[in-house]
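Coordinates in review
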Amino acid sequence: MLQSSPLKVFVTGGAGYIGSHVVLALGEAGHEVLVYDNLSTGSRAAVLHGELVVGDLADNILLRETLERFRPDAVMHFAASIEVGESVRAPLKYYRNNSANALNLLEAVRAAGIDRFIFSSTAAVYGNPPVVPVTEEAPLNPINPYGASKLVTETMLRDLAAADPAFSYVSLRYFNVAGADPFTRLGQDYANPTHLITRALKTALGIFPKLQLFGTDYPTPDGTCIRDYIHVADLAQAHLDALAYLCSDMGTCTGTGSAGACPPSLICNCGYGRGFSVNEVVAMAREVTGIDFPIETAGRREGDPAELVAASDRIRRTLGWQPRHDDLEFILKTAWAWEKKLADKQSGR
Ligand code: UDP
C-alpha cells in the first residue's frame, strides 16, 4: 500500500480484545490514536497507546465533541456485543449496541466530514453457507441476531457509500479470532468468556470444572463444528492494511465517481482458509497445556452454524495481507501464556 505517513485514527471499542491489539499495532506503526470506549467489557489497562475517552456511542454529544476535537483521518469501529448465544436470548441488546449505535456513529462521522471507515464485521453474516470456504459473494443469511445486527451495519455502509461518493469503507468479516499478543502484553480478558479456546484454557487452569462440547452430531467429519481460527495479531495487521488502502490517496480524493478517485469500498473475509473442529482444538489445547482437562458432551448451542471457513484470496490480493501466524499451535501457545499471566495476576503472584 502507498500510504506510510502517520495518521489519526479514532477507534471505538479500542479497550476490548481485538481493538486493543489493533491500537497497539497502530501505535507501533507510528499512528496517533484516540480510543472511544464505554469500558463495558474492555479495560483501561488494555489501552497501551494513545488517548482514552470513556464514552458511549449512544452519547451523541460526547461522541460528536470528541470527533470534532480529534479530527481523525479514519474511524475504526470495534465496539459491539459479540456473543452468539446471548444474542439469541437478548436480541434487542444486539440491535441496540451493534446496529443503532453504529447508526449514531455513522451520522456523527459524516457530520464531522470523516470519509474513511473500517468496520468489524463477522462471518456470522453468512449464516450456514451453502459452499465452504465461503467467499464474500456468498448469500447473506445470518442465523442469529448477532450476525443480523452486524449485517444491518454493513447494509448502512453499502447504502451510504453508494449515496456519498466521498465516503469509502472497508468491512472486515472476522472468522474466529483467537490468541494473544506474542509478547503477552495483551489478550482476551472477559468477565464471562464464552469462546472455545478461552474456555478450554481456563478449564486447563481449573477455573472451570469442565469444557462442554456444544454438539457432536453436526454434519462434519467428527460431528463437531468447524471454524477458521485467526490469530489476533494477524487480524490487527489486516486493519493496518485496510487503513493504508483507504488512505493511499490522501489529499487527492475527489470521490469514487471521478478521476483521482477514493479507493473503492471493500468487503473482505478475515480468516486463513483452513478449518479446525472443536475436537481438534481441544486436542491441541491439551497438547499445548500438557493438561488432560475434563470435557463433557453437551447439546448444540443455539445459533451455531456447522462449518465456517473463509475464502481469503480477496484480502490477500486487494490489501496485500500477509498473515504470519497461520498455526493453531501458535494461537494456543500465545493464548495459554496470556491465561497463565492473568491467573498469576489474580492470585497475586
Ligand atoms: N464451543 C464449545 N464449547 C464452548 C464454547 C464454544 O463447544 O465452551 C463451540 C461452539 O459451539 C462453536 C465453536 O466452539 O461450535 C466456536 O465457538 P466460539 O464461541 O468460540 O466462536 P463462534 O464461532 O461462536 O464465534
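Notes on the structure in this doc start here.

What counts, and where the lines are drawn
Residues numbered from 1 in each chain as written. Predicted model: local features only at pLDDT ≥ 70, side-chain atom pairs only at ≥ 80, totals over all residues. Heavy atoms only, no water. Core = buried A, V, L, I, M, F, W, Y, C linked by side-chain atoms within 4.5 Å. Buried < 20%, exposed > 50% of the residue type's maximum accessible area, 1.4 Å probe, protein only. Helix = DSSP H or I, 4+ residues; strand = E, 2+ residues; numbered from the N terminus. Contact = heavy atoms within 4.5 Å. Pairing = 2+ DSSP bridges. Near = heavy atom within 4 Å. Polar contact = N/O pair within 3.5 Å; in protein donor to acceptor, adjacent residues only side chain to side chain. Areas by Shrake-Rupley, 256 points an atom, 1.4 Å probe, with all protein chains shown as cover. Nonpolar A, V, L, I, M, F, W, Y, C, P; charged D, E, K, R; others polar. 1 Å grid on protein atoms, 1.4 Å probe; cavity = no way out; pocket = protein on both sides within 12 Å on 5 of 7 lines; lining within 4 Å. Points joined across faces, edges and corners; volume = space filled by probe spheres on them.

Quick word on the nonpolar core
- Ile18, Leu26, Met76, Leu172, Ile197 and Leu243 are the most contacted members of the largest nonpolar core, which has 64 residues in total.
- In terms of residues, this core owes the most to one element, helix α7 (residues 232–246), which gives nine residues.
- If you look at the next biggest cluster of nonpolar residues, it comprises 24 residues, including Val75, Ile114, Phe119 and Met156.

Quick notes on the environment of Leu332
- Considering the arrangement of structural elements, one finds Leu332 in helix α10 (residues 328–346).
- Aside from chain neighbours lying at most four places away, what touches Leu332 is Ile197, Leu201, Val281, Met284, Ala285 and Val288.

Some thoughts on the pairing of strand β4 (residues 74–77)
- Residues Ala74 and Met76 of β4 are buried on one face, and the alternating residues Val75 and His77, pointing to the opposite face, are buried as well.
- Two elements, strand β1 (residues 8–12) and β4, share four bridges in a ladder whose sense is parallel. Bridging from a neighbouring strand, Thr12 pairs with His77 of β4.
- Of the strand pairs in this sheet, β4 and strand β5 (residues 116–122) are connected by three bridges, and their pairing is parallel. The residue of β5 that forms the bridge with Val75 is Phe117.

What about the site of the ligand?
- Among the 16 residues in the neighbourhood of the ligand, the closest are listed as Leu196, Gln212, Arg227, Arg301 and Asp304.
- Interatomic distance of 2.7 Å between a backbone N/O atom of Gln212 and a nitrogen atom of the ligand.
- Alone, the ligand offers 520 Å² of accessible surface; in the complex the protein occludes 92% of this.
- Looking at the shell around the ligand element by element, the count peaks at four residues for strand β8 (residues 211–214).
- By residue class, the composition of the shell around the ligand is eight nonpolar, four polar and four charged.

Here we look at the layout of surface pockets
- One number sums up the size of the second largest pocket: a volume of about 360 Å³.
- Considering the residues around the second largest pocket, the lining is formed by 18 residues, among which Ala25, Glu28, Pro182, Ala233 and Arg324 are closest to the centre.
- Of all the elements in the fold, those that place two or more residues in the lining of the second largest pocket are α1 (17–28) and α7.
- Residues of the lining of the second largest pocket, tallied by class, amount to nine nonpolar, four polar and five charged.

Note that all results are geometric; they support no functional claim without further evidence.
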